[in-house]
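Okay, here's what each chain looks like letter by letter:
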Amino acid sequence: MSLSGALSSAISALSAQSQAMAMISDNIANSQTVGYKTTTASFQDLVTGSTSATSYSSGGVTTLSKSNISDQGLLTTTTSSTDIGISGNGFFPVTTALTGGQTLYSRAGSFTKDDAGYLVSSGGAYLLGWRTDAEGNVIGSASADNMVPIDTSVAATSGSASTETTFALNLPADATSTNDATPNAATDTFTSSMSVYDSQGAANSIQVTWQKTGTNTWSASFGNPTLSSDSTKTTGTTATESVVLTFNTDGSLKSTDPASPSISVNWTNGAGTGTSTTSTIALNLGTGTDGVTQYSSGASTPAIDLTSIQSDGLPYGKLSSIAVGGDGNVNATYSNGQTIAIYKIPVATFTAPDQLEAESNGLYSATMASGGAVVQASGANGAGTIKGGELEASTTDTNEEFSNMISAQQAYSAASQVITAVNKMYDTLISAMR
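Just so we're clear, the structure is a prediction, and the values are computed from it rather than from any experiment.

Trainee: Can you help me understand the overall build of the chain in this one?
Mentor: Within the chain, the secondary structure is distributed over 3 helices and 34 strands. Taken against the 2.2 N^0.38 rule, which gives 22 Å for 434 residues, the C-alpha radius of gyration of the chain at 38 Å runs more than 25% over that of a compact globule. Each of the 434 residues in the chain was classed as buried or not, and the buried ones make up 37%. For the chain, restricting intrachain contacts to residue pairs at least 6 apart in sequence, the fraction spanning at least 24 positions comes to 62%. Put simply, the chain shows about 21400 Å² of open surface, and 49% of that area lies on carbon and sulfur atoms.

Here it is as structure tokens:
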């Protein structure tokens, strides 16, 4: 029995060291694989029977694989704006298909944009995220149920309507008034234009008519918008009553009626696509000597002295680049210089990440032992921080793996020598029986 036990124990050693060598081989093979986590062998002894001082019952050895999934790899800077890494705890959630796919998890953040505009891994998994507004606020709940494949095509173009126009100009105090006994439109009525953007980012012009209606009082009325590129094309209607401006005797603006003036523009044709939207544009006429003033022009023919009329909003722009920020926001930059957030990438955390089940292409699936995924915003509630333009390197240490390989090789050779020795002992036993 002792010889057979020795033989069985040696065979188990060969099997255990073979498995250890397989793990070492995998680790070395993936030493350059992004996000790869090493697997190490854990040896445990086997006992097959009771042992006494006069009788030894050999057992052997078995090996278990230990996944080091929670180990942090070195983050390295890359030249791709859609490469992402995680500093700390957590994984990127991905799905295997646009609809009905399996949700998996990865530390390999090498994502690129496919021909349909989705961010996908090298293995074809779609990166999941939360849709956001332009300020980066999640639309809806920041939950697993609200995650969708990140589709950059939603940001193909941009443009934003004007919401405020600021005036800096002087109305001539020496102009005549419409209430004069002999009013003269040439010297009591003046025009200027304000440029604004509609909801599609098209530049439009609205004519402002300024009329002096009495001593230190003026009215401003606003025409319908026309395309800046084609003044013959009316793009909407302006619905507002005239704004009354009252000035102090020193020429500074005293008050306006209404106190917070604005105009409402119904864009019935926008940039020519037939859409219909409404914009409210606040009119910032200033206060005191800041904004609109009334001083004498000192000219034989009074005229407006225009400093500036500026509106916010942005012109139409095409998507020029996609980049992931350090806060996990997927930002779209346009040809008009605008950068807006379109998605936020969540970080999925687990109670026991080392118990995840490894899949191909650097993916992991949740198990009963790992617990379910909890999705958090980058850096929130113990979740790791997403780093844009960085990738996590493999955790393989080739020096350590070579050392382990030599140890496994020597242990395997030693076990084979035990089998050779047992074989010779069997030969001796058989010879003695003859």
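Now that the structure has been shown, we can carry on.
Trainee: Honestly, the nonpolar core in this entry has me stumped. Any pointers?
Mentor: Grouped burial of nonpolar side chains is what soluble globular proteins tend to show. Phe167, Met194, Trp210, Phe222 and Leu245 are the most contacted members of the largest nonpolar core, which totals 25 residues. At the level of secondary structure, the elements contributing two or more residues to this core comprise strand 12 (164–172), strand 13 (189–197), strand 14 (203–214), strand 15 (217–222), strand 19 (243–247), strand 21 (262–267) and strand 22 (277–284). Formed by 24 residues, the second largest nonpolar core is a distinct cluster that contains Ala125, Ile340, Tyr343 and Ile345.

Trainee: Mind showing me how you'd approach helix 3 (residues 398–433) here?
Mentor: Quick reminder: α-helices carry 3.6 residues per turn. Residues three or four places apart thus point the same way. Compared with the 52 Å implied by 1.5 Å per residue over 36 residues, the 53 Å span of helix 3 between its first and last C-alpha is a close match. By the burial criterion, the buried members of helix 3 are Glu401, Ala408, Ala415 and Val422. Where helix 3 begins, one side-chain oxygen reaches toward the backbone nitrogen of asparagine 399, 3.1 Å away; that side chain belongs to aspartate 397.

Trainee: What should I look at first to understand the pattern of salt bridges in this one?
Mentor: Opposite charge on two side chains permits them to pair, given that their charged atoms come into close proximity. If you walk through the whole model with that rule in mind, you get 2 salt bridges. Two residues, arginine 107 and glutamate 392, come together in a salt bridge whose shortest N-O distance is 2.8 Å. One end of the pair, arginine 107, is in the loop between strand 6 (103–106) and strand 7 (111–113); the other, glutamate 392, is in strand 34 (residues 390–392), with 285 residues separating them in the sequence. Comparing arginine 107 with glutamate 392, the two get one shared label, buried.

Trainee: How do you make sense of the layout of surface pockets when you look at a structure like this?
Mentor: Here the idea is plain: a probe the size of a water molecule rolls over the atoms and shows the empty space left. Looking at the largest pocket, its volume works out to about 240 Å³. As for the largest pocket, its lining consists of 18 residues, of which Tyr36, Lys37, Ala358, Glu359 and Tyr364 are closest to the centre. Its residues assigned to classes, the lining of the largest pocket shows 6 nonpolar, 10 polar and 2 charged. Empty space within the second largest pocket amounts to approximately 170 Å³. Around the second largest pocket, the lining is made up of 14 residues, and of these Ala20, Ile24, Ala41, Phe43 and Asn404 lie nearest the centre. Elements represented by at least two residues in the lining of the second largest pocket include exactly helix 1 (2–29), strand 1 (39–46) and helix 3. Tallied by class, the residues present in the lining of the second largest pocket amount to 7 nonpolar, 6 polar and 1 charged.

Trainee: What's the story with the side chain of serine 162 in this structure? I'm lost.
Mentor: Position of serine 162 relative to the elements: it lies in the loop between strand 11 (157–160) and strand 12. A polar contact is formed between the side chain of serine 162 and the backbone nitrogen of tyrosine 197, at a distance of 2.8 Å. A distance of 2.6 Å separates a polar atom in the side chain of serine 162 from the backbone oxygen of aspartate 312. Setting aside residues no more than four positions away along its own chain, serine 162 makes contact with Val196, Tyr197, Ser279, Thr280, Ile281, Ser311, Asp312 and Gly313.

Trainee: Honestly, the packing of aromatic side chains in this entry has me stumped. Any pointers?
Mentor: Where two aromatic rings form a pair, the distance of their centres and the angle of their planes describe that pair. Summed over the entire model, instances satisfying the criterion amount to 7 aromatic pairs. For the pair phenylalanine 190 and tryptophan 218, a centre-to-centre distance of 6.0 Å together with 40° between the ring planes defines the contact as tilted. Separated by 28 residues along the polypeptide, phenylalanine 190 in strand 13 and tryptophan 218 in strand 15 bring together distant segments of the chain. Grouping residues by exposure puts phenylalanine 190 and tryptophan 218 together as buried. Three or more aromatic residues joined by ring pairs form one cluster here, namely Phe91, Tyr105, Phe350 and Tyr364. Against the face of tyrosine 343 rests arginine 131, its NZ or CZ located 5.3 Å from the ring centre.

Trainee: How do you make sense of the environment of valine 138 when you look at a structure like this?
Mentor: With respect to the helices, strands and loops of the structure, valine 138 is situated in the loop between strand 9 (126–131) and strand 10 (148–149). With 206 residues separating them along the chain, valine 138 and lysine 344 place their C-alpha atoms 7.1 Å apart. Each residue touching valine 138, except ones within four places of it in the same chain, is listed here: Trp130, Arg131, Thr132, Asn146 and Lys344.

Trainee: What is the right way to look at helix 1 in this model?
Mentor: In a regular helix each residue adds 1.5 Å, so 28 residues correspond to 40 Å; helix 1 covers 40 Å between its end C-alpha atoms and thus fits that length. Those residues of helix 1 that sit buried are Gly5, Ala10, Ser12, Ala13, Leu14, Ala16, Gln17, Ala20, Met23, Ile24 and Asn27. At its buried positions, helix 1 is contacted by strand 1, strand 2 (60–67) and helix 3.

Trainee: Would you mind showing me how to read the pairing of strand 5 (residues 92–95) here?
Mentor: The side chains of a regular strand alternate between the sheet's two faces. Burial of the side chains of strand 5 extends over both faces: Phe92 and Val94 are buried on one face and Pro93 and Thr95 on the other. Both strand 5 and strand 6 contribute to a ladder of 4 bridges, which runs antiparallel. Bridged to proline 93 within strand 6 is tyrosine 105. Bridging between strand 5 and strand 9 involves 2 bridges; their strand directions are antiparallel. What sits directly across from valine 94, in strand 9, is leucine 127.

Trainee: What exactly am I supposed to notice about the environment of asparagine 381 here?
Mentor: Positionally, asparagine 381 belongs in the loop between strand 32 (374–376) and strand 33 (385–388). With relative accessibility at 70%, the residue asparagine 381 sits in the exposed group. The spacing of asparagine 381 and threonine 349 is 32 residues in sequence and 9.9 Å in space, taken between C-alpha atoms. In terms of polar contacts, asparagine 381 uses its side chain to reach the side chain of glutamine 376, at 2.9 Å.

Trainee: Where do I start with the environment of methionine 368 in this structure?
Mentor: One can find methionine 368 in the loop between strand 31 (363–365) and strand 32. The exposure class of methionine 368 is exposed, given its relative accessible area of 84%. The spacing of methionine 368 and alanine 352 is 16 residues in sequence and 9.7 Å in space, taken between C-alpha atoms.

What counts, and where the lines are drawn
- Residues numbered from 1 in each chain as written.
- Predicted model: local features only at pLDDT ≥ 70, side-chain atom pairs only at ≥ 80, totals over all residues.
- Heavy atoms only, no water.
- Helix = DSSP H or I, 4+ residues; strand = E, 2+ residues; numbered from the N terminus.
- Rg over C-alpha atoms; globule rule 2.2 N^0.38 Å.
- Buried < 20%, exposed > 50% of the residue type's maximum accessible area, 1.4 Å probe, protein only.
- Contact = heavy atoms within 4.5 Å.
- Areas by Shrake-Rupley, 256 points an atom, 1.4 Å probe, with all protein chains shown as cover.
- Core = buried A, V, L, I, M, F, W, Y, C linked by side-chain atoms within 4.5 Å.
- Expected span 1.5 Å × (residues − 1).
- Polar contact = N/O pair within 3.5 Å; in protein donor to acceptor, adjacent residues only side chain to side chain.
- Salt bridge = Lys/Arg side-chain N within 4 Å of Asp/Glu carboxyl O.
- 1 Å grid on protein atoms, 1.4 Å probe; cavity = no way out; pocket = protein on both sides within 12 Å on 5 of 7 lines; lining within 4 Å.
- Points joined across faces, edges and corners; volume = space filled by probe spheres on them.
- Nonpolar A, V, L, I, M, F, W, Y, C, P; charged D, E, K, R; others polar.
- Phe/Tyr/Trp six-rings, centres within 6.5 Å; stacked < 30°, edge-to-face > 60°.
- Lys NZ or Arg CZ within 6 Å of the ring centre and 35° of its normal.
- Pairing = 2+ DSSP bridges.

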